[in-house]
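This is what each chain is made of:
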Amino acid sequence: MVTTTSLKTTKSEEIFSAARNLMPGGVSSPVRAFKSVGGQPIVFDRVKGAYIWDVDDNQYIDYVGTWGPAICGHAHPDVLKALSEALEKGTSFGAPCYLENILAEMVIDAVPSIEMVRFVNSGTEACMAVLRLMRAYTGRDKIIKFEGCYHGHADMFLVKAGSGVATLGLPDSPGVPKSATSATLTAPYNDLEAVKRLFAENPGEIAGVILEPVVGNSGFIVPDAGFLEGLRELTKANDALLVFDEVMTGFRIAYGGAQAKFGVTPDLTTLGKIIGGGLPVGAYGGRRDIMEMIAPAGPVYQAGTLSGNPLAMTAGIKTLEILKRPGTYDQLEQTTQRLIDGLLAIASDTGHTVCGGHVSAMFGMFFTAGPVQNYDDAKKSDLEKFNRFHRGMLENGVYLAPSQFEAGFTSLAHTDEDIENTLAAARTVLSNM
Ligand SMILES: *Cc1c(COP(=O)(O)O)cnc(C)c1O
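Calculation rules
Residues numbered from 1 in each chain as written. Predicted model: local features only at pLDDT ≥ 70, side-chain atom pairs only at ≥ 80, totals over all residues. Heavy atoms only, no water. Helix = DSSP H or I, 4+ residues; strand = E, 2+ residues; numbered from the N terminus. Rg over C-alpha atoms; globule rule 2.2 N^0.38 Å. Buried < 20%, exposed > 50% of the residue type's maximum accessible area, 1.4 Å probe, protein only. Contact = heavy atoms within 4.5 Å. Areas by Shrake-Rupley, 256 points an atom, 1.4 Å probe, with all protein chains shown as cover. Lys, Arg positive; Asp, Glu negative; His and termini not counted. Charge placed at Lys NZ, Arg CZ, Asp CG, Glu CD. Polar contact = N/O pair within 3.5 Å; in protein donor to acceptor, adjacent residues only side chain to side chain. Near = heavy atom within 4 Å. Nonpolar A, V, L, I, M, F, W, Y, C, P; charged D, E, K, R; others polar. Phe/Tyr/Trp six-rings, centres within 6.5 Å; stacked < 30°, edge-to-face > 60°. Axes fitted to C-alpha atoms, helices over the stretch in contact; angles between N-to-C directions. Left-handed = near helix turned anticlockwise from the far one by under 90°. Expected span 1.5 Å × (residues − 1). Arc of directions from axis to C-beta. Pairing = 2+ DSSP bridges. Right-handed = clockwise from strand over helix to strand, strands pointing away.

As a further point, take the overall build of the protein. On a plain count of helices and strands, the protein comes out with 15 helices and 14 strands. Scaling as 2.2 N^0.38, a compact globule of 433 residues should have a C-alpha radius of gyration of about 22 Å, and the protein matches this with 21 Å. Dimensions of the protein, computed from the C-alpha atoms along their principal axes, are close to 60 × 55 × 45 Å. Of all 433 residues assigned to the protein, the portion counted as buried reaches 58%. If you take every contact in the protein between residues at least 6 apart in sequence, the share linking residues at least 24 apart comes to 73%. For the protein, the accessible area works out to roughly 17700 Å², and carbon and sulfur atoms hold 52% of it. For the protein, the distance from the average site of its 36 positive side-chain charges to the average site of its 48 negative ones is 3 Å.

Spelled out as structure tokens, the structure:
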């Protein structure tokens, strides 16, 4: 166990104990509570670039990046400037706004499958809406999702949903009626044969397949060669839709998302996180003939009071503008490779069995020999070891996602020095474990 704790968190502890009386578990979203890793969460005071400061004024190098949006670095000056200018014109219109056109054009230009887009306020909302659209377009009710993939907290998706759900050991959630999930079929990730079987057993009944094209919600898992292509063929052959949930991977593993990186084009795509630049935004889009079924162009209802609001659009536009600058994805790739190669080497030097990897600015490491190709493999990770690693890193100034079942994120603000400092912390922690 790491003993070096110069970390003083008195104010965090006070605030968090008070929070527990005010909000369930003291948080607004479960994983933040550190339940799976143990110990008290730190309470943030401010963020900038690659860093977080907590309320006790401890500084950390951050690899969560507010769960993805902070890919340019927290509180990027260009984003803040654009936001403060937009603020002068008001915070919400509830009416058409030119900024929606700009962000829509950027998204349509970037993401191969998207010919038309609808903005919403979160990834959850985008996935809920896309499911309704899949069903409306095909006239079928059943969908296939993969074990350990997370598509937000809507009832229909809370089956083997990875991430927060996995972390808390809830295989499912009370309050979700059987009727809501009875049309949700699941298969292990990277298992094309299982998907084939589901199509064969449910002829003409499956609306489509939804997946994270690179998984970040059961830890970091990449698609095997041929998996995405195989799903594309299977869905086509069965007149079903293929949906990439790129809420996490969109604009992270390439400007055009996983579909651009792997050259497989789905029918529909969901987005979130980065396209809001740290404000609440989600989106779904895809083929024009499908998207034109959405109200008011078509009969499929979906609406939102704050959807497309000028502040969220502004943060998204500015974030994508920064990402579009030359060299950004090369930089993200180099930073992340240096980090994960270093972590894996140090873990093995210090006698720990690990596996891991990265794609662009997304990475992960498991405490098991691997390979990790699906959620069952991910669960073989030594969680007790991960928890000690997490705590040790926190005490040494590095903020990692408080769960083994979450991917890590780097940003344009992470410097070589940040990576070196992170690796030095990892060496200290792992050699004491
Ligand atoms: C985060 C996430 C969601 C949910 O997005 P929220 O904005 O948290 O509702 C959905 N799908 C994936 C792949 C995600 O990573």
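This brings us to the environment of Ser-36. Relative to the helices and strands, Ser-36 is located in the loop between α1 (10-22) and β1 (44-48). Expressed as a C-alpha distance, the spacing of Ser-36 and Asn-387, which sit 351 residues apart in the sequence, is 7.7 Å. For Ser-36, the side chain forms a polar contact with the main-chain oxygen of Pro-402, separated by 3.1 Å.

Here the bond from Ala-295 into Pro-296 is cis, since omega is 5°, no more than 30 degrees from zero. Within the secondary structure, Pro-296 sits in the loop between α10 (288-291) and α11 (310-323). Note the cis peptide between Gly-370 and Pro-371, where omega equals 0°. Turning to its location among the elements, Pro-371 is positioned in the loop between β12 (362-366) and α13 (375-378). With a phi angle near 50°, Ala-75 is a residue other than glycine that sits in the positive phi range.

Residues in close proximity to the ligand include Ser-122, Gly-123, Thr-124, Tyr-150, His-151, Gly-152, Glu-212, Asn-217, Asp-245, Val-247, Met-248 and Lys-273, which together make up its full environment. Within the side chain of Asp-245, one N or O atom sits 2.7 Å away from a nitrogen atom of the ligand. Residue composition of the shell around the ligand, by class: three nonpolar, six polar and three charged.

Under the defined criterion, the tally for this structure stands at 11 aromatic pairs. Here Phe-251 and Tyr-255 contribute two aromatic rings whose centre-to-centre distance is 5.0 Å and whose plane-to-plane angle is 85°, an arrangement assigned as edge-to-face. The residues Phe-251 and Tyr-255 share a single accessibility class, namely buried.

So, on to the packing of helix α3 (residues 98-110) against α11. At their nearest, the axes of α3 and α11 sit 9 Å apart, and the two run at 35° to each other. Between α3 and α11 lies a crossing whose hand is left-handed. From α3, Leu-99, Glu-100, Ile-102, Leu-103, Met-106 and Val-107 reach across to α11, where they touch Pro-310, Met-313, Thr-314, Gly-316, Ile-317, Leu-320 and Glu-321. Among the residues forming the contact of α3 with α11, the class breakdown is nine nonpolar, two polar and two charged.

Right, let's talk about helix α4 (residues 123-138) for a bit. The terminal C-alpha atoms of α4 lie 23 Å apart, and with 16 residues this matches the ideal 22 Å at 1.5 Å per residue to within 8%. Where α4 is concerned, the buried positions are Gly-123, Thr-124, Ala-126, Cys-127, Ala-129, Val-130, Leu-131, Leu-133, Met-134 and Thr-138. For α4, the side-chain oxygen to backbone nitrogen distance between the N-cap and Thr-124 is 3.4 Å, and the N-cap itself is Ser-122. Of the residues flanking the end of α4, it is Gly-139, one or two places downstream, whose phi is positive at about 70°.

Moving on, we get to α1. With 13 residues, α1 extends 19 Å between its outermost C-alpha atoms, agreeing within 8% with the 18 Å of an ideal straight helix rising 1.5 Å per residue. Those residues of α1 that fall on the buried side of the exposure criterion are Ser-12, Phe-16 and Ala-19. Taken down its axis, α1 places every buried residue within 55° of arc, on the same side. Facing away from the buried surface of α1 by more than 90 degrees, the exposed residues are Glu-14 and Asn-21. The elements touched by buried residues of α1 are β2 (51-54).

Taken in spatial order, the three strands make up an open sheet running β11-β12-β14, and their pairing is antiparallel. Each edge of the open sheet carries a strand with a single partner, namely β11 (355-359) and β14 (408-409). When β11 meets β12, the two strands line up antiparallel, connected through five bridges. For Gly-356, the partnering residue across the bridge sits in β12 and is Met-365. The strands touched by helix α12 (residues 328-349) are β11 and β12; relative to β12, the strand with the most contacts, the crossing angle is about 5°.

Attention shifts here to the sheet that holds β1. Spatial strand order, β1-β2-β3-β13: four strands in an open sheet with mixed pairing. Two strands close off the open sheet at either side, each with one partner strand: β1 and β13 (398-399). In this structure, β1 lies alongside β2, joined through four bridges in antiparallel fashion. When the bridges of β2 are listed, Val-47 appears paired with Ile-52.

Before going further, it helps to spend a moment on the pairing of strand β7 (residues 206-211). In terms of residue burial, β7 counts as a mostly covered element, since six of its six residues are buried. As defined by bridge partners, strand β5 (residues 142-146) adjoins β7 across three bridges and the pair is classed as parallel. Note that in β7 the partner of Lys-142 across the bridge is Ile-206. Considered for its hand, the β-α-β crossover made up of β7, helix α8 (residues 227-237) and strand β8 (residues 241-245) is right-handed.

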